[in-house]
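Coordinate inspection notes
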Amino acid sequence: MFIIAAVLAWPHLTREHKRHGLYNAPCAEVLQRTGANANCVTIFFGTTRQANYSEGRHNGYRLVQGFNNRMDDQLHYGRAEVVLPYLASEDYPEGRARGELKYSKDGPPEDALTTQTTVSITSINSANKDTVISELKDAVSLRSDSVLLFIHGYNVDFDSAVVRSAQLAVDLTFDPSAPPDDTNYAFGQPVLFSWPNGAAFYTYPWDQKKAEASAPFLAEFLSTLTKETDVKTFNIIIHSMGNRVFANAVEAFAEDYVQQGKGDTTFRIIHAAADVDQDIFDDVMDKVEKKNFVPDTTVYASRRDFPLGTSFLINPILNRIDGTRGRLGQITTRDGIYVRNGVTSIDATGFATDLFGHGYFANSDNILSDVACDLKGVPVEDRPLAPERRKYRGDDFPFYKVDKSRNAQGCAIRAPISWVNEPNSFMAAWRAANSENYKRCWDGSEVPQHAECPPRLVEDADITPEPLEAVVYFDWQKAVIGYEGFSLLEEIAVRSLESEILSIRIEGHSDTSEDDNIYTGLSRQRAAAVRDVLISFGIPAELIEVSAFGDLRPALATEDNVREPLNRRVEVTIEFE
């Protein structure tokens, strides 16, 4: 439980100043008064959070001190402004890397240097629906009648959601050859829908209820945007538990949209690291398709998404019922990647740059580039994606893996690049991709002359793989496998299934302080738990032999009644033919 709590609390362990020192001033005024050079990004929003208002108004808007994590009984409309440092480019190589967000740690930014090198919010204002929508309609008309809507996930405060919405709007549009202050928002005027959620493990069940309670307001917000802003292209990016809000809202919205009779709006929806059950998502898709609402839908998923693994643990009963599947954004050995006709599924494993592997959709250059390609409508065969196939319920479905050897900078560059260590990874990639001197490798790919070709894979059917060994550790007097143990067992299951398995030995142990009986007690329960997880990952049960030794075979010898974490373990040995 400590590990789970640490995952959810991590962003709050360090102090980050998201507000500018001149907060409540327009962004352009902030740049003028500080002498800073940076982007000003305007975000329109709808939120079900309760507001903390400041005294005063500005151009018909009420000044807002902030929106908290409590649920309100109404939808608030408003506008926020963000200072976002320039991205690194040909003309501005000292800029931030794509996907990077840096906040001031030594107090709110006030001088020119801190203002132009860190992200900060200069104002958050609220007004009645008509005022906000009228201004938003004008902004949409200037952005090719397009909207880029972001719906955030769990453990995200309002300020962080505003900043992320601004970053996505700029980074997805990025053109390395354009001036650094060029913010044309190719995918539409940035808009945010924010819902209240906590920042602690124990609030998770209540936050699921808040997600469900926010759904009718999201449906209302979507209907308002399509009816009253003349939007022609509606791009939506939904992260993590925000997908639960959307899943509960989209049916009502789809019915209202079809009844509007417009039918001329293009919807492109990105489900990134989605914390919603695959079966629930299937049911929702079935319902909206029956209403003739069929948006372009893409799912980005990963094998190494720690918070989705935590969600798996928090919802143990649902995830252990036969026939149910895991989270939409999670790839497991048992369930594989989500596939469905009409849905593009993309394996983004290995591209996370954050600690827990959950934010790759916004902080990985490669994934940002592919999302931009997707929103631009570029066919999958013209993107740096490796095609794969997966069988599900008797049918064969395609899915795709993001190719690590290639990079699609804004869908403009297709050349393979090499992975090189330079301080600015974007500039390294850009230079490699724009080099005119390439060499052709053994596999048909092309790389710059200075780069190495991919290694050849040597296969020898006569070589027997070395045995795999792993140790899973347990809490005192517990037989419950933690997330690290699940991840380890999944990893060895994946590796084992690539070869012919001869046998699997599972041996359970305890320390000298635990109440154990080697025939029926704790060490046997631990071994059985490991066995059940391996079977769920596809390991044949008939190959597994389970033994229990209590405290008779310690990894570290101790006196009686001594708690020793190294002895509370299960050892797994897998041998191959």
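Please read all numbers here as calculations on a predicted model, not as lab measurements. (Residues numbered from 1 in each chain as written. Predicted model: local features only at pLDDT ≥ 70, side-chain atom pairs only at ≥ 80, totals over all residues. Heavy atoms only, no water.)

With that settled, consider the overall build of the protein. If you tally the helices and strands in the protein, you get 15 helices and 17 strands. Taking the contacts inside the protein whose residues are at least 6 apart along the sequence as the reference set, 76% of them involve residues at least 24 apart. For the protein, the exposed surface amounts to about 25900 Å²; the carbon and sulfur share of it is 48%. (Helix = DSSP H or I, 4+ residues; strand = E, 2+ residues; numbered from the N terminus. Contact = heavy atoms within 4.5 Å. Areas by Shrake-Rupley, 256 points an atom, 1.4 Å probe, with all protein chains shown as cover.)

Now for the side chain of His 509. Within the element layout of this structure, His 509 appears in the loop between β15 (501-508) and α15 (522-536). For His 509, the contacting residues outside a window of four places in its chain are Ser 523, Arg 526, Phe 549, Gly 550, Arg 553, Asn 567, Arg 568, Arg 569 and Glu 571.

Here we take up a nonpolar patch on the surface. Together, Val 471, Tyr 473, Leu 556 and Leu 566 make up an exposed nonpolar region whose accessible area comes to about 330 Å². In this fold, Leu 556 is placed in the loop between β16 (544-548) and β17 (569-576). (Patch = residues over 30% accessible without salt bridge, like charges linked within 9 Å, V, L, I, M, F, W, Y side chains within 5 Å. Salt bridge = Lys/Arg side-chain N within 4 Å of Asp/Glu carboxyl O.)

The next subject is the state of the cysteines. Counted by the stated rule, this structure contains 1 disulfide. For Cys 27, the disulfide goes to Cys 40, at an S-S distance of 2.0 Å. The sign of the -90 degrees torsion about the S-S bond sets the Cys 27-Cys 40 disulfide as left-handed. Linking Cys 27 in helix α2 (residues 27-34) with Cys 40 in strand β1 (residues 39-58), this pair joins segments that are 13 residues apart in sequence. Overall, Cys 40 belongs to the partly exposed group, its relative accessible area being 28%. (Disulfide = S-S within 2.5 Å. Buried < 20%, exposed > 50% of the residue type's maximum accessible area, 1.4 Å probe, protein only.)

Before going further, it helps to examine the sheet that holds strand β11 (residues 395-402). Overall, mixed pairing links the 11 strands, which are arranged β3-β2-β1-β5-β4-β6-β7-β8-β9-β11-β10 in an open sheet. Sheet topology places β3 (120-127) and β10 (385-392) at the edges, where each strand pairs with a single neighbour. Shown here is a sheet whose adjacent strand axes are inclined to one another by a mean of 30 degrees, direction ignored. Here strand β7 (residues 266-272) pairs with strand β8 (residues 296-301) via 5 bridges, running parallel. Counterpart to Ile 269 in the pairing with β8 is Thr 297. Here helix α12 (residues 365-376) sits on the sheet in contact with β4 (146-151), β6 (233-239), β7, β8, β9 (343-347), β10 and β11, set at roughly 155 degrees to β7. (Pairing = 2+ DSSP bridges. Axes fitted to C-alpha atoms, helices over the stretch in contact; angles between N-to-C directions.)

Now for the side chain of Ser 302. Its location among the elements puts Ser 302 in the loop between β8 and α9 (306-314). A distance of 3.0 Å separates the side chain of Ser 302 from the backbone nitrogen of Arg 304, its partner in a polar contact. In contact with Ser 302, other than residues within four places in its own chain, are Gly 329, Gln 330, Ile 331, Ala 348, Thr 349 and Tyr 360. (Polar contact = N/O pair within 3.5 Å; in protein donor to acceptor, adjacent residues only side chain to side chain.)

With that settled, the discussion passes to the sheet that holds β16. Spatial strand order, β14-β17-β15-β16: 4 strands in an open sheet with mixed pairing. Looking at which strands have only one partner, the edges of the open sheet turn out to be β14 (468-473) and β16. Within this sheet the neighbouring strands show an average axis-to-axis angle of 15 degrees, counted without direction. Pairing between β15 and β17: 7 bridges, direction antiparallel. Within β17, the residue paired with Ile 501 across the bridge is Phe 576.

With that out of the way, let us pick up the pairing of β15. Here β15 pairs with β16 via 5 bridges, running parallel. Looking at the pairing, Ile 506 lines up with Val 546 of β16. In this view, the connection linking β15 to its parallel neighbour β16 by way of α15 has right-handed handedness. (Right-handed = clockwise from strand over helix to strand, strands pointing away.)

Leu 149, Phe 193 and Phe 234 are the most contacted members of the largest nonpolar core, which has 52 residues in total. The leading source of residues in this core is helix α6 (residues 204-228), at 9 residues. (Core = buried A, V, L, I, M, F, W, Y, C linked by side-chain atoms within 4.5 Å.)

One rule of thumb: low pLDDT means the predicted coordinates there are not for detailed reading. Of all residues in the protein, 82% have pLDDT values of 70 or greater, and the mean over the chain is 84. When pLDDT is averaged over each helix and strand of the protein, the minimum, 40, is found for helix α13 (residues 425-433) and the maximum, 98, for strand β5 (residues 189-194). Below pLDDT 50 for its whole length, residues 317-323 participates in 13 contacts with residues either more than four positions away or in separate chains. Low pLDDT, under 50, characterises residues 457-461; the predicted model gives this stretch 0 contacts beyond four residues in sequence or across chains. (pLDDT = per-residue confidence, 0-100.)

The next subject is unusual backbone geometry. Its identity is not glycine, yet Ser 144 carries a phi of approximately 55 degrees, on the positive side. Its place among the elements puts Ser 144 in the loop between α4 (129-141) and β4. By relative accessible area, which is 61% here, Ser 144 ends up exposed. In the Ramachandran plot, Ala 273 falls in the positive-phi region, its phi being about 50 degrees despite a non-glycine side chain. Here Ala 273 is to be found in the loop between β7 and α8 (278-290).

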